[in-house]
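# Summary of structural features
Letter by letter, the chains look like this.
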Amino acid sequence: MPDQKLEKLEKLIKDRESAVIAFSGGVDSSVLAAVAFKVLKDKALAVTLDSPTLPRNELECAEEIAGSIGIKHVVVAHNELGNPDFTMNPEDRCYLCKGELSKVLLAEAVNRGFKVVFEGTNASELCGHRLGARALYEAGVLSPLAEVGFSKEEVRTLAGTLGLPNASKPSSACLSSRIPYGDEITRKKLGIVEEAEDFLINLGLSQLRVRLHGDLARIEVDPPEFRLLFENRVKISDFFKSIGFKYVTCDLLGYRTGSMNE
């Protein structure tokens, strides 16, 4: 880990004097929160926005990680489903969503007396279909990890150095990312996806997505976990059908981010 990058990150944070950190409990936001707490102490605040698109296990993880860091943590209710432009699920869904999240976070910062809002995008995430990152930038939310040039691999390395318990945690994303563009986002669909993914996690699968295509479930897992998936194929099929799916499939290309953009 280049010490210069960490020093630069600490200076960037210190120069802002106080900050709200958009906190999901993932590796990126956890590293950012840990460094911010080290530099700013009680002038750093982790804020998690709790919404129907956030899996319950991710909220629990965020609460646990914030506790392990020691940073003050607040959970703020938010509901994207109240915005019909979002629920219509257009291709710029992430832009709309992050724009709304930015407003909430910036308002929290103002109301609580913090000068800026940080979020955990890293330099590896600046390429590709990243409309959400653009919305954050336009709103004035800062991305220190990306600004300093931390790659995803470097963030994970730093997480290990800092002793964070989620250093190897699989990447996560909001539940709406499992629904194809143009298909309406509803609380029921989000709930079915969450139930399905929780079931697979409880079987021992780790990096995964359940993509919802009408009454068909397309399961993505890392190829090394295909064996475990197929060993449990009958159990998985029975459960998925019990919660509303008619067909259950495995994507032979395995887990990959942004497969809905292909």
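Reading guide: rules and limits
Residues numbered from 1 in each chain as written. Predicted model: local features only at pLDDT ≥ 70, side-chain atom pairs only at ≥ 80, totals over all residues. Heavy atoms only, no water. Helix = DSSP H or I, 4+ residues; strand = E, 2+ residues; numbered from the N terminus. Buried < 20%, exposed > 50% of the residue type's maximum accessible area, 1.4 Å probe, protein only. Contact = heavy atoms within 4.5 Å. Polar contact = N/O pair within 3.5 Å; in protein donor to acceptor, adjacent residues only side chain to side chain. Axes fitted to C-alpha atoms, helices over the stretch in contact; angles between N-to-C directions. Left-handed = near helix turned anticlockwise from the far one by under 90°. Nonpolar A, V, L, I, M, F, W, Y, C, P; charged D, E, K, R; others polar. Phe/Tyr/Trp six-rings, centres within 6.5 Å; stacked < 30°, edge-to-face > 60°. Salt bridge = Lys/Arg side-chain N within 4 Å of Asp/Glu carboxyl O.

## Some words on the environment of Asp28
Its location among the elements puts Asp28 in helix α2 (residues 27-40). By relative accessible area, which is 10% here, Asp28 ends up buried. For the pair Asp28 and Leu145, spaced 117 residues apart in sequence, the C-alpha separation works out to 8.1 Å. If we skip the residues at most four places from it in the chain, Asp28 touches Gly120, Asn122, Glu125, Leu145, Lys152 and Val155. In terms of polar contacts, Asp28 uses its side chain to reach the side chain of Asn122, at 3.1 Å.

## Some thoughts on the packing of helix α1 (residues 3-16) against α2
The contact between α1 and α2 brings their axes to 9 Å, and the two run at 65°. Between α1 and α2 lies a crossing of right-handed hand. When α1 is examined against α2, the residues Leu6, Leu9, Glu10, Ile13 and Lys14 are found in contact with a partner set consisting of Leu32, Val35, Ala36, Lys38, Val39 and Leu40. Looking at side-chain class alone, the contact of α1 with α2 contains eight nonpolar, no polar and three charged residues.

## Some words on the packing of aromatic side chains
If you walk through the whole model with that rule in mind, you get three aromatic pairs. Measuring from centroid to centroid gives 4.2 Å for Phe199 and Phe239, while their planes differ by 5°, and the two rings are stacked. Of this pair, Phe199 sits in helix α9 (residues 187-202) while Phe239 is found in helix α11 (residues 233-242), placing the two residues 40 residues apart along the sequence. Accessibility expressed as a relative area gives 17% for Phe199, which makes it buried. Under the relative-accessibility criterion, Phe239 is labelled partly exposed at 23%.

## Digging into the pattern of salt bridges
Here the structure, examined in full by the defined rule, presents 16 salt bridges. Here Glu58 makes a salt bridge to Lys169, at a shortest N to O gap of 2.9 Å. Here the residue Glu58 occupies a position in helix α3 (residues 56-69), and Lys169 occupies one in the loop between α8 (152-161) and α9, the gap between them amounting to 111 residues. Neither residue differs from the other here; Glu58 and Lys169 are each classed as buried. Of the charged contacts in the structure, one is a salt bridge between Lys103 and Glu100, with a shortest N-O distance of 3.7 Å. With a gap of three residues between them, Lys103 and Glu100 both fall in helix α5 (residues 93-112), about one helical turn apart. It is possible to trace a salt-bridge network through shared partners that takes in Arg211, Arg218, Glu220, Asp251 and Arg256.

Distances and angles like these do not, on their own, reveal function.
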